[in-house]
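# Structural characterization, general
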Amino acid sequence: MRLARLALRPPVSQEDLSGRLTAKGVQITQNGISKLETRQRYLMDYEVAAIAKALRVSVDWLYGESKKSPISLNSPNLEMN
């Protein structure tokens, strides 16, 4: 998740990701995202789907099942709606 956050242009902060998730109805604080990235917190299935959409990556990629980098990580100036 951290790799996807930082690969976006401009990079997405933990606080920004938290805001994007809140806009989608998923409440994960900046502290919660930090714990996710350090494997101190588990994810619910609906949280995984929301994070994948917010970061424009596949769920498979988040789980490490897809080795191919998502095209969106190479696109400049992506903006979440």
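This text gives an overview of the structure that appears in the document.

## Some details on helix H4 (residues 45–55)
- Buried within H4 are the following residues: Glu47, Val48, Ala50, Ile51, Ala52, Ala54 and Leu55.
- Arg56, located one to two residues past H4, shows a positive phi value of around 55 degrees.

## Quick notes on the packing of helix H2 (residues 14–23) against helix H3 (residues 30–37)
- As a packed pair, H2 and H3 sit with axes 8 Å apart at the nearest point and diverge in direction by 110 degrees. On the basis of the axis angle, H2 is roughly perpendicular to H3. Residues Gln14, Glu15, Leu17, Ser18 and Leu21 of H2 pack against Gln30, Ile33, Ser34 and Glu37 of H3.
- Class assignment for the residues of the contact of H2 with H3 results in three nonpolar, four polar and two charged.

## Points about the pattern of salt bridges
- In the structure shown here, the tally under the stated rule is three salt bridges.
- With a shortest N-O distance of 3.0 Å, Glu47 and Arg41 are connected by a salt bridge.
- Classification of Glu47 by relative accessible area gives buried; the value is 3%.

## Digging into the nonpolar core
- Core analysis: the largest hydrophobic core is formed by 16 residues, its most contacted members being Leu17, Leu21, Ile28, Ile51, Leu55 and Val57.
- For this core, the secondary-structure elements that each account for two or more residues are H2, H3 and H4.
- Ranked by residues supplied to this core, first place goes to H4 with five residues.
- Excluding residues that lie within four positions of it along the chain, Ile28 makes contacts with Ser18, Leu21, Ile33, Leu36, Arg41, Leu43, Glu47 and Ile51.

Rules behind the numbers
Residues numbered from 1 in each chain as written. Predicted model: local features only at pLDDT ≥ 70, side-chain atom pairs only at ≥ 80, totals over all residues. Heavy atoms only, no water. Buried < 20%, exposed > 50% of the residue type's maximum accessible area, 1.4 Å probe, protein only. Helix = DSSP H or I, 4+ residues; strand = E, 2+ residues; numbered from the N terminus. Axes fitted to C-alpha atoms, helices over the stretch in contact; angles between N-to-C directions. Parallel < 35°, antiparallel > 145°, perpendicular 65-115°, else oblique. Contact = heavy atoms within 4.5 Å. Nonpolar A, V, L, I, M, F, W, Y, C, P; charged D, E, K, R; others polar. Salt bridge = Lys/Arg side-chain N within 4 Å of Asp/Glu carboxyl O. Core = buried A, V, L, I, M, F, W, Y, C linked by side-chain atoms within 4.5 Å.

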